[in-house]
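# Per-entry structural report
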Amino acid sequence: MFAETLLSKNFSRPFTYRIPPELQKELHVGTWVIVPFGRTLQLALVIKILASAPPLRSIREKPIELKNILKLASPETTPPINSHLLGLAHDLSDYYMTPLGLTLRLIQPPPKFASDVGRRWMLTAKGQQAQPTSKTLNPAASAILAKLSTTKKGLTSATLQKYTQEVAQDRK
């Protein structure tokens, strides 16, 4: 299954993501989700559920591969938008010729990003000093610290999570 999502930014079209099997029963139109977008994680609203993938264009002769929705946003901080409000946003968008993502911000401003969205993780000065002498850490933790120590700008949550999964798979 696939979902068309809208980022609450100045985009005139939705972006399509794969719905992972574990989220298929919980996900519905009007639900806020966290999705990878470029090198960041973004909050997006599900506006349509699709049974099959839409036709995809290729970029520079390379086929586009759809990314997965990472997780549902917290319903306490990001309450779902009901179908009436979503319809109103569509009507406003059509009438005022405004991108749907912007009209959604009028209907329900997006909440502050969750703590894991948009954050970069890096070692502090103390962490840099302690890292080479850490003999009490397991090999997976040491590998992650080594990765963190090689970057100047830090790692996004998505990159860190992906690297953590890779390290865990390598250890199996």
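See above for the structure.
Predicted, not measured: the structure shown is a model, and the values here were computed from it. (Residues numbered from 1 in each chain as written. Predicted model: local features only at pLDDT ≥ 70, side-chain atom pairs only at ≥ 80, totals over all residues. Heavy atoms only, no water.)

Let us look at the side chain of T31. Summarising the element assignment, T31 is placed in the loop between β2 (15-18) and β3 (32-37). A polar side-chain atom of T31 sits 2.8 Å from the main-chain carbonyl oxygen of H28. Once you skip the residues sitting within four places of it in the chain, T31 turns out to touch A44, L45, V46 and L72. (Helix = DSSP H or I, 4+ residues; strand = E, 2+ residues; numbered from the N terminus. Polar contact = N/O pair within 3.5 Å; in protein donor to acceptor, adjacent residues only side chain to side chain. Contact = heavy atoms within 4.5 Å.)

Looking now at the nonpolar core. Judged by nonpolar contacts, the single largest core of 13 residues is most densely connected at W32, L45, I47, I81, L86 and L104. Here the element with the most residues in this core is strand β4 (residues 40-50); it accounts for 4 residues. Among residues more than four places away in sequence, those in contact with L86 are V29, L45, I47, I81 and L104. (Core = buried A, V, L, I, M, F, W, Y, C linked by side-chain atoms within 4.5 Å. Buried < 20%, exposed > 50% of the residue type's maximum accessible area, 1.4 Å probe, protein only.)

Strand order across the open sheet formed by 5 strands is β2-β1-β4-β3-β5, with antiparallel pairing between neighbours. The sheet is open, and its two edges are formed by β2 and β5 (71-72), each paired on a single side. Here 2 bridges tie β3 to β5, and the two strands are oriented antiparallel to one another. Looking across to β5, one finds that V33 is bridged to L72. The sheet contacts of helix α2 (residues 100-107) involve β1 (2-7) and β4, and relative to β1 the element is tilted by about 70°. (Pairing = 2+ DSSP bridges. Axes fitted to C-alpha atoms, helices over the stretch in contact; angles between N-to-C directions.)

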